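A look at the structure
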Amino acid sequence: MSKVDGKFEFSPISVNFLTELAKVAFAVVMLCLQARGQKAGEKSLLSFSTLFQAARNNVLLAVPALLYAINNYLKFIMQLYFNPATVKMLSNLKVLVIAILLKMIMKRRFSIIQWEALALLLIGISVNQLRTLPEGTTALGLPVTTGAYLYTMIFVTVPSLASVYNEYALKSQFETSIYLQNLFLYGYGAIFNFLGILGTAIFKGPDSLDILRGHSRATMFLICNNAAQGILSSFFFKYADTILKKYSSTVATIFTGIASAVLFGHTLTMNFILGISIVFISMHQFFSPLAKVKDETQNDSLEMDSQKNYRSKDGSFINMAAGANEDASHRVGPDEKEPLLPR
């Protein structure tokens, strides 16, 4: 809704900067409310020593803040190539990349059924993307397909790394208040976006420093919406899981498609309907009890094997008792192959 003749009249970096400021303001308000609710004798959350120590312990948050600053700019670029529903579908590609990064960086395990669910997710996205781009159109001197898929690759990999790194940074300092961590994360984000505004002003002139130029009610709504989305995401990273956060965003895909059709007249093609159906089947399969039980059973069996190896190595009394019970339950007869159960 904020586009005019297919372009943005405002600077996307200014929107991201104002979004980060809104999130910083929210973190400060919630931090003050949390500090007021502290019990007597507890170390104040707003003391200089607490803030300084938390800033040192959470300096890693600067990395995802930089990656998010890049990703938030790419979101606007993607809107120039694809319709909103398609951008939302493309963002689901991050789930597979995140799963691989979680396995490599955080050593997280997934069952075979869950990997199959992720494969279904890619199939659903591919079905939706068939014949999305018009042929023969160009942008930025490159074929739309080439530029769009280049941005898509960056749009998928950069925020995926940011999400995994953000979850790692938040959970590594789990005892720190989430509002305090958000204050640093969003503060770093505001700094990086402000540097982007200064860089733009160097190349395009001082007029670019007017961060409110070209803004409208739509952009104000966009700022509030993006701020709320970022705040909710931090709770997913801190208390839940990155995969759960990305999968939950697929629920919004169908509403994005419907809203895009109602507001902008975009057609809900059969490709979109089939694609979104496969995506929701994938989501159901990934979180189904069957996938979790199988994974837990595998973990239990590995645990039991390790316990057996440990006991056999120690030669403990439990292991000897287990052997004694096996001997006692064995019926010795003239035929050693006689079944143990009564006929």
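Residues numbered from 1 in each chain as written. Predicted model: local features only at pLDDT ≥ 70, side-chain atom pairs only at ≥ 80, totals over all residues. Heavy atoms only, no water.

1. Section: the nonpolar core
In this structure, L31, L61, L180, L183, F184, L185 and Y186 are the most contacted members of the largest nonpolar core, which totals 23 residues. Of all the elements, helix 8 (residues 178-204) adds the most residues to this core, at seven residues. In this view, L180 contacts L31, T50, L51 and A54; residues no more than four positions away in its chain are not counted. Within the second largest apolar cluster, 16 residues are counted, among which are I98, F110, V164 and M283. (Core = buried A, V, L, I, M, F, W, Y, C linked by side-chain atoms within 4.5 Å. Buried < 20%, exposed > 50% of the residue type's maximum accessible area, 1.4 Å probe, protein only. Helix = DSSP H or I, 4+ residues; strand = E, 2+ residues; numbered from the N terminus. Contact = heavy atoms within 4.5 Å.)

2. Brief notes about helix 12 (residues 270-286)
Compared with the 24 Å implied by 1.5 Å per residue over 17 residues, the 24 Å span of helix 12 between its first and last C-alpha is a close match. Taken together, the buried positions of helix 12 are F272, G275, I276, I278, V279, S282, M283, Q285 and F286. (Expected span 1.5 Å × (residues − 1).)

3. Regarding the environment of F280
Note on placement: F280 falls in helix 12. On the basis of relative accessibility, which here comes to 24%, the residue F280 falls in the partly exposed class. For the pair F280 and G124, spaced 156 residues apart in sequence, the C-alpha separation works out to 8.9 Å.

4. Some points on the packing of aromatic side chains
Counting across every chain of the model gives 12 aromatic pairs. Ring plane angle 50° and centroid distance 5.3 Å describe the contact between F8 and F10, whose orientation is recorded as tilted. Note on F10: relative accessible area 5%, which makes it buried. Where F48 meets F52, the ring centres are 6.1 Å apart and the plane angle is 15°; that geometry is what we call stacked. One end of the pair, F48, and the other, F52, are both in helix 2 (residues 48-57), four residues apart, so they sit about a helical turn from each other. Here F52 falls in the partly exposed class, since its relative accessible area comes to 46%. Chaining the aromatic ring pairs together yields one cluster made of F110, W115, F286 and F287. Above the face of the F174 ring, K238 is positioned so that its terminal group lies 5.0 Å from the ring centre. (Phe/Tyr/Trp six-rings, centres within 6.5 Å; stacked < 30°, edge-to-face > 60°. Lys NZ or Arg CZ within 6 Å of the ring centre and 35° of its normal.)

5. A word on the UniProt feature "transmembrane region" (unreviewed entry) in the protein chain
UniProt's feature table lists "transmembrane region" (unreviewed entry) at residues 12-33, 45-69, 112-130, 142-162, 183-203 and 218-237, given in the numbering used throughout. Measuring from the first to the last C-alpha atom of residues 45-69 gives 27 Å, for a span that is 72% helix and 0% strand. With 100% helix and 0% strand, the stretch residues 183-203 has end C-alpha atoms that lie 31 Å from each other. (UniProt positions renumbered as here; feature names shortened; annotations may be inferred.)

6. Remarks on the confidence of the model for the protein chain
On average, residues of the protein chain carry a pLDDT of 77, and 78% of them reach 70 or more. The low-confidence segment residues 132-142, where pLDDT is below 50, has 15 contacts with residues more than four positions distant or belonging to other chains. Contacts for the low-pLDDT stretch residues 295-343, under 50 throughout, to residues beyond four places or in other chains number 18 contacts. (pLDDT = per-residue confidence, 0-100.)

7. Comments concerning helix 11 (residues 251-264)
If you check helix 11, its first and last C-alpha atoms are 20 Å apart, about what 14 residues at 1.5 Å a residue would give, namely 20 Å. Among all positions in helix 11, only T253, G257 and S260 are buried. Down the axis, helix 11 shows its buried residues gathered within 65° of arc, on one side only. Set apart from the buried face of helix 11 by more than 90 degrees, the exposed residues are F255, V262 and L263. Two residues or fewer past helix 11, G265 is found with a positive phi of approximately 75°. (Arc of directions from axis to C-beta.)

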